[in-house]
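Breakdown of the fold
So the chains spell out like this:
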Amino acid sequence: MCNLVLGSQSPRRKELLELAGYRFVVRSSEVEEVIEEGMTPEEAVLHLTQVKSESIELLEDEVLLTSDTVVSVDGRILGKPENFSDARSYLQQLSGRTHEVFTGVYLRTNEESCTFFVRTDVTFYDLSDNDIEWYLSTGEIWDKAGAYGIQGKGALFVEKIDGDYYSVVGLPISRVSRELRTFHVSSG
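Residues numbered from 1 in each chain as written. Predicted model: local features only at pLDDT ≥ 70, side-chain atom pairs only at ≥ 80, totals over all residues. Heavy atoms only, no water.

Describing the confidence of the model for the chain
Looking at the chain as a whole, the pLDDT averages 95, with 99% of positions reaching at least 70. The spread of mean pLDDT over the elements of the chain runs between strand S4 (residues 76–78), the lowest at 94, and strand S7 (residues 158–162), the highest at 98. (pLDDT = per-residue confidence, 0-100. Helix = DSSP H or I, 4+ residues; strand = E, 2+ residues; numbered from the N terminus.)

Some remarks on a nonpolar patch on the surface
On the surface, a cluster of nonpolar side chains totalling about 370 Å² of accessible area is made up of Leu19, Ile161, Tyr165 and Tyr166. Mapping Ile161 onto the fold places it in strand S7. On the basis of relative accessibility, which here comes to 33%, the residue Ile161 falls in the partly exposed class. (Patch = residues over 30% accessible without salt bridge, like charges linked within 9 Å, V, L, I, M, F, W, Y side chains within 5 Å. Areas by Shrake-Rupley, 256 points an atom, 1.4 Å probe, with all protein chains shown as cover. Salt bridge = Lys/Arg side-chain N within 4 Å of Asp/Glu carboxyl O. Buried < 20%, exposed > 50% of the residue type's maximum accessible area, 1.4 Å probe, protein only.)

Digging into the packing of aromatic side chains
Summed over all chains, the structure comprises eight aromatic pairs. A ring pair is formed by Phe84 and Trp142, whose centres lie 5.1 Å apart and whose planes are at 75 degrees; its orientation type is edge-to-face. In this pair, Phe84 sits in helix H3 (residues 84–94) while Trp142 sits in the loop between helix H4 (129–138) and S7, placing the two residues 58 residues apart along the sequence. A relative accessible area of 34% places Trp142 in the partly exposed class. An aromatic cluster of at least three residues, connected via ring pairs, comprises Phe124, Trp134, Tyr135, Tyr148 and Phe157. Cation over ring: Arg175 sits above Phe116, and NZ or CZ is 4.0 Å from the ring centre. (Phe/Tyr/Trp six-rings, centres within 6.5 Å; stacked < 30°, edge-to-face > 60°. Lys NZ or Arg CZ within 6 Å of the ring centre and 35° of its normal.)

Regarding unusual backbone geometry
Here Asp143, not a glycine, exhibits a phi torsion of approximately 60 degrees, which is positive. With respect to the secondary-structure elements, Asp143 resides in the loop between H4 and S7. Its relative accessible area of 45% is what places Asp143 among the partly exposed residues. Unusually for a residue other than glycine, His184 sits at a positive phi of about 65 degrees. Here His184 lies in the segment after helix H6 (173–182).

Written out as C-alpha coordinates, the structure is:
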(Lines give C-alpha, C1' and ligand atoms only; values in the text may rest on other atoms or scores of the structure.)
Protein backbone atom coordinates (compact mmCIF):
# COMPACT_ATOMS: atom_id res chain seq x y z
CA MET A 1 0.00 0.00 0.00
CA CYS A 2 1.38 3.39 -1.01
CA ASN A 3 0.88 6.73 0.69
CA LEU A 4 -0.97 9.41 -1.26
CA VAL A 5 0.43 12.93 -1.63
CA LEU A 6 -1.76 15.72 -2.99
CA GLY A 7 0.39 18.26 -4.83
CA SER A 8 -2.11 21.10 -4.46
CA GLN A 9 -3.34 23.68 -1.98
CA SER A 10 -6.80 23.68 -3.59
CA PRO A 11 -9.47 23.36 -0.90
CA ARG A 12 -11.81 21.84 -3.50
CA ARG A 13 -9.38 19.04 -4.40
CA LYS A 14 -8.69 18.32 -0.72
CA GLU A 15 -12.42 18.18 -0.01
CA LEU A 16 -13.11 15.78 -2.90
CA LEU A 17 -10.33 13.39 -1.85
CA GLU A 18 -11.60 13.49 1.75
CA LEU A 19 -15.18 12.91 0.56
CA ALA A 20 -13.98 9.80 -1.28
CA GLY A 21 -12.32 8.54 1.92
CA TYR A 22 -8.67 9.01 1.03
CA ARG A 23 -6.01 9.79 3.60
CA PHE A 24 -3.22 11.92 2.21
CA VAL A 25 -0.69 14.61 2.94
CA VAL A 26 -0.44 17.90 1.09
CA ARG A 27 2.87 18.90 -0.45
CA SER A 28 2.22 21.68 -2.89
CA SER A 29 4.30 23.04 -5.68
CA GLU A 30 5.46 26.64 -5.83
CA VAL A 31 6.04 26.70 -9.58
CA GLU A 32 4.58 29.47 -11.68
CA GLU A 33 1.71 28.23 -13.84
CA VAL A 34 2.60 29.32 -17.36
CA ILE A 35 0.65 28.24 -20.43
CA GLU A 36 2.81 28.54 -23.51
CA GLU A 37 1.47 30.38 -26.56
CA GLY A 38 -0.37 28.10 -28.96
CA MET A 39 -1.09 25.28 -26.53
CA THR A 40 -4.48 23.63 -26.80
CA PRO A 41 -6.50 23.34 -23.56
CA GLU A 42 -5.71 19.63 -23.45
CA GLU A 43 -1.99 20.27 -23.83
CA ALA A 44 -2.13 23.07 -21.27
CA VAL A 45 -3.66 21.02 -18.44
CA LEU A 46 -1.33 18.09 -19.04
CA HIS A 47 1.69 20.41 -19.19
CA LEU A 48 0.71 22.23 -15.98
CA THR A 49 0.12 19.01 -14.03
CA GLN A 50 3.48 17.61 -15.12
CA VAL A 51 5.38 20.81 -14.25
CA LYS A 52 3.78 20.84 -10.80
CA SER A 53 4.51 17.15 -10.29
CA GLU A 54 8.16 17.36 -11.29
CA SER A 55 8.79 20.12 -8.73
CA ILE A 56 7.76 17.89 -5.79
CA GLU A 57 10.07 15.28 -4.29
CA LEU A 58 8.68 11.88 -3.37
CA LEU A 59 9.67 9.18 -0.95
CA GLU A 60 9.89 5.58 -2.14
CA ASP A 61 6.39 4.57 -0.90
CA GLU A 62 4.47 7.63 -2.13
CA VAL A 63 2.10 8.36 -5.01
CA LEU A 64 1.77 12.00 -6.03
CA LEU A 65 -1.39 13.47 -7.50
CA THR A 66 -1.28 16.86 -9.22
CA SER A 67 -4.13 18.42 -11.14
CA ASP A 68 -5.04 21.57 -13.03
CA THR A 69 -8.23 22.94 -14.59
CA VAL A 70 -8.73 25.35 -17.47
CA VAL A 71 -11.84 26.79 -19.08
CA SER A 72 -11.94 27.19 -22.85
CA VAL A 73 -14.35 29.04 -25.12
CA ASP A 74 -13.85 29.06 -28.90
CA GLY A 75 -10.45 27.43 -28.33
CA ARG A 76 -9.24 30.32 -26.12
CA ILE A 77 -8.13 29.45 -22.61
CA LEU A 78 -9.68 31.51 -19.82
CA GLY A 79 -7.42 31.16 -16.81
CA LYS A 80 -7.79 32.58 -13.35
CA PRO A 81 -8.72 36.26 -13.49
CA GLU A 82 -6.08 38.73 -12.36
CA ASN A 83 -8.57 41.53 -11.72
CA PHE A 84 -12.27 42.45 -11.92
CA SER A 85 -11.92 43.46 -15.56
CA ASP A 86 -10.65 39.97 -16.50
CA ALA A 87 -13.42 38.30 -14.51
CA ARG A 88 -16.12 40.49 -16.06
CA SER A 89 -14.79 39.75 -19.55
CA TYR A 90 -14.67 35.99 -18.88
CA LEU A 91 -18.27 35.91 -17.61
CA GLN A 92 -19.45 37.97 -20.59
CA GLN A 93 -17.76 35.48 -22.94
CA LEU A 94 -19.41 32.52 -21.17
CA SER A 95 -22.89 34.10 -21.09
CA GLY A 96 -25.49 32.13 -23.06
CA ARG A 97 -22.89 29.74 -24.46
CA THR A 98 -21.38 26.33 -24.04
CA HIS A 99 -17.75 26.21 -22.97
CA GLU A 100 -15.34 23.41 -22.18
CA VAL A 101 -13.72 22.66 -18.85
CA PHE A 102 -10.57 20.54 -18.99
CA THR A 103 -9.09 19.01 -15.86
CA GLY A 104 -5.75 17.28 -16.18
CA VAL A 105 -4.39 14.78 -13.67
CA TYR A 106 -0.84 13.51 -13.27
CA LEU A 107 -0.16 10.54 -10.98
CA ARG A 108 3.36 9.30 -10.35
CA THR A 109 5.71 7.38 -8.16
CA ASN A 110 9.46 7.48 -8.51
CA GLU A 111 9.17 4.62 -11.04
CA GLU A 112 5.98 5.14 -13.05
CA SER A 113 3.40 7.72 -14.04
CA CYS A 114 -0.06 8.13 -15.51
CA THR A 115 -1.58 11.24 -17.02
CA PHE A 116 -5.04 12.00 -18.39
CA PHE A 117 -7.56 14.76 -18.80
CA VAL A 118 -11.33 14.94 -18.58
CA ARG A 119 -13.42 17.32 -20.68
CA THR A 120 -16.83 18.54 -19.56
CA ASP A 121 -19.08 20.88 -21.53
CA VAL A 122 -20.88 23.52 -19.48
CA THR A 123 -23.69 25.69 -20.83
CA PHE A 124 -24.50 29.01 -19.16
CA TYR A 125 -27.79 30.85 -19.27
CA ASP A 126 -27.70 34.37 -20.69
CA LEU A 127 -26.21 36.62 -18.01
CA SER A 128 -27.36 40.20 -17.56
CA ASP A 129 -24.94 42.93 -16.55
CA ASN A 130 -26.63 42.83 -13.13
CA ASP A 131 -26.00 39.07 -12.86
CA ILE A 132 -22.33 39.58 -13.62
CA GLU A 133 -21.89 42.55 -11.25
CA TRP A 134 -23.64 40.63 -8.47
CA TYR A 135 -21.37 37.63 -9.00
CA LEU A 136 -18.26 39.78 -9.04
CA SER A 137 -19.34 41.14 -5.64
CA THR A 138 -19.51 37.63 -4.13
CA GLY A 139 -15.72 37.21 -4.30
CA GLU A 140 -16.06 33.71 -5.79
CA ILE A 141 -14.24 34.76 -8.94
CA TRP A 142 -10.75 34.59 -7.48
CA ASP A 143 -8.50 31.58 -7.96
CA LYS A 144 -10.95 29.88 -10.33
CA ALA A 145 -10.47 29.14 -14.01
CA GLY A 146 -13.03 31.07 -16.04
CA ALA A 147 -13.84 33.23 -12.99
CA TYR A 148 -16.60 31.00 -11.60
CA GLY A 149 -17.13 28.14 -9.21
CA ILE A 150 -19.82 25.64 -10.16
CA GLN A 151 -19.91 24.38 -6.56
CA GLY A 152 -20.88 27.82 -5.23
CA LYS A 153 -23.05 30.69 -6.36
CA GLY A 154 -21.75 30.20 -9.90
CA ALA A 155 -24.10 27.20 -10.07
CA LEU A 156 -26.92 29.71 -10.60
CA PHE A 157 -25.55 30.46 -14.08
CA VAL A 158 -25.38 26.84 -15.27
CA GLU A 159 -28.16 25.66 -17.58
CA LYS A 160 -26.66 22.19 -18.12
CA ILE A 161 -23.47 20.16 -18.14
CA ASP A 162 -22.38 17.27 -20.29
CA GLY A 163 -19.68 15.30 -18.51
CA ASP A 164 -18.17 14.98 -15.05
CA TYR A 165 -19.45 17.59 -12.57
CA TYR A 166 -16.54 16.95 -10.19
CA SER A 167 -14.06 17.62 -12.97
CA VAL A 168 -15.55 21.12 -13.25
CA VAL A 169 -15.14 21.50 -9.48
CA GLY A 170 -11.46 20.63 -9.95
CA LEU A 171 -10.90 16.87 -9.71
CA PRO A 172 -12.60 14.03 -11.64
CA ILE A 173 -12.70 11.94 -8.47
CA SER A 174 -14.29 8.78 -9.90
CA ARG A 175 -11.64 8.49 -12.63
CA VAL A 176 -8.89 9.43 -10.16
CA SER A 177 -10.09 6.68 -7.81
CA ARG A 178 -9.89 4.07 -10.55
CA GLU A 179 -6.43 5.18 -11.62
CA LEU A 180 -5.16 5.24 -8.02
CA ARG A 181 -6.04 1.55 -7.67
CA THR A 182 -3.40 0.77 -10.30
CA PHE A 183 -0.90 2.45 -7.94
CA HIS A 184 -2.19 0.37 -5.00
CA VAL A 185 -3.84 3.35 -3.31
CA SER A 186 -7.35 2.80 -2.00
CA SER A 187 -9.80 4.94 -0.08
CA GLY A 188 -11.08 4.53 3.49
